[in-house]
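Coordinates in review
Below, each chain spelled out in residue letters.
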Amino acid sequence: MASEPSTQSRVMFQATDKTEEPAHRKLGKLTVKYNRKDLQRRLDIEEWIDGQLHLLFDCEEEEIPELEIDIDELLELSDEGQRTRLHELLQECGKPKEDFINGLLYRIKGLRKMSGPLKK
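Presented here is a report on the structure given in the accompanying data block.

Conventions we followed
Residues numbered from 1 in each chain as written. Predicted model: local features only at pLDDT ≥ 70, side-chain atom pairs only at ≥ 80, totals over all residues. Heavy atoms only, no water. Core = buried A, V, L, I, M, F, W, Y, C linked by side-chain atoms within 4.5 Å. Buried < 20%, exposed > 50% of the residue type's maximum accessible area, 1.4 Å probe, protein only. Helix = DSSP H or I, 4+ residues; strand = E, 2+ residues; numbered from the N terminus. Contact = heavy atoms within 4.5 Å. Axes fitted to C-alpha atoms, helices over the stretch in contact; angles between N-to-C directions. Parallel < 35°, antiparallel > 145°, perpendicular 65-115°, else oblique. Left-handed = near helix turned anticlockwise from the far one by under 90°. Nonpolar A, V, L, I, M, F, W, Y, C, P; charged D, E, K, R; others polar. Salt bridge = Lys/Arg side-chain N within 4 Å of Asp/Glu carboxyl O.

Now for the nonpolar core. Ranked by size, the top nonpolar core spans 20 residues in total, and within it Ile-49, Leu-53, Ile-69, Phe-100 and Leu-104 carry the most contacts. At the level of elements, helix H2 (36–57), helix H3 (71–76), helix H4 (79–89) and helix H5 (98–108) are the ones that each hand at least two residues to this core. Here this core takes 6 residues from H2, the largest share from any one element. With near-sequence residues (within four places) excluded, Phe-100 lies in contact with Trp-48, Ile-49, Gln-52, Leu-53, Leu-56, Ile-69 and Leu-90.

This next bit is on the packing of H4 against H5. Axes are the key here: two packed helices are described by the angle between their axes and the distance separating the axes. Where H4 meets H5, the closest approach of the two axes is 11 Å, and the angle between their N-to-C directions is 135°. By the angle between their axes, H4 is oblique relative to H5. Pair H4 / H5 crosses with right-handed handedness. Only Glu-98, Ile-101, Asn-102, Leu-104, Leu-105 and Ile-108 of H5 make contact with H4, whose side of the interface consists of Gln-82, Arg-83, Leu-86 and His-87. Classifying every residue of the contact of H4 with H5 by side-chain character gives 5 nonpolar, 3 polar and 2 charged.

Turning to the pattern of salt bridges, a few remarks are in order. Summed over the entire model, instances satisfying the criterion amount to 6 salt bridges. For the salt bridge of Glu-98 with Arg-83, the shortest nitrogen-to-oxygen distance reads 3.3 Å. Placement of the pair is Glu-98 in helix H5 and Arg-83 in helix H4, with a sequence separation of 15 residues. Judged by its relative accessible area of 35%, Glu-98 falls in the partly exposed class.

The next thing to look at is the packing of H2 against H5. For the pair H2 and H5, the least separation of the axes is 11 Å and the interaxial angle reads 180°. When the interaxial angle is binned, H2 and H5 end up roughly antiparallel. On H5, the residues touching Arg-41, Ile-45, Trp-48, Ile-49, Gln-52, Leu-53 and Leu-56 of H2 are Phe-100, Gly-103, Leu-104, Arg-107 and Ile-108. The class makeup of the residues in the contact of H2 with H5 is 8 nonpolar, 2 polar and 2 charged.

Shown next, in the form of structure tokens:
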């Protein structure tokens, strides 16, 4: 039976290019380097920011002025520096913004800065 090549199964492997990895493999590396809980917390904060900006500017997403609140940038600043930076970013907003600023500063407490290619 072993001498009959037509009945034996063969498994062949092809060499793949190491520069291109499947998306699910990249996700695995991402969650190993960054705790899944930290990633979810950051996502929740970013969604909260988005919702609050809609309320502050009282308009649709397309109508919100170009505004990028970089969480990692804020984490590098002192408490007062964070507050000052947020006031600078929100200067076009006519509504009171202290509740938003206080809420954001409270939410980013204890958050770790992300490094590398994850930052946009």
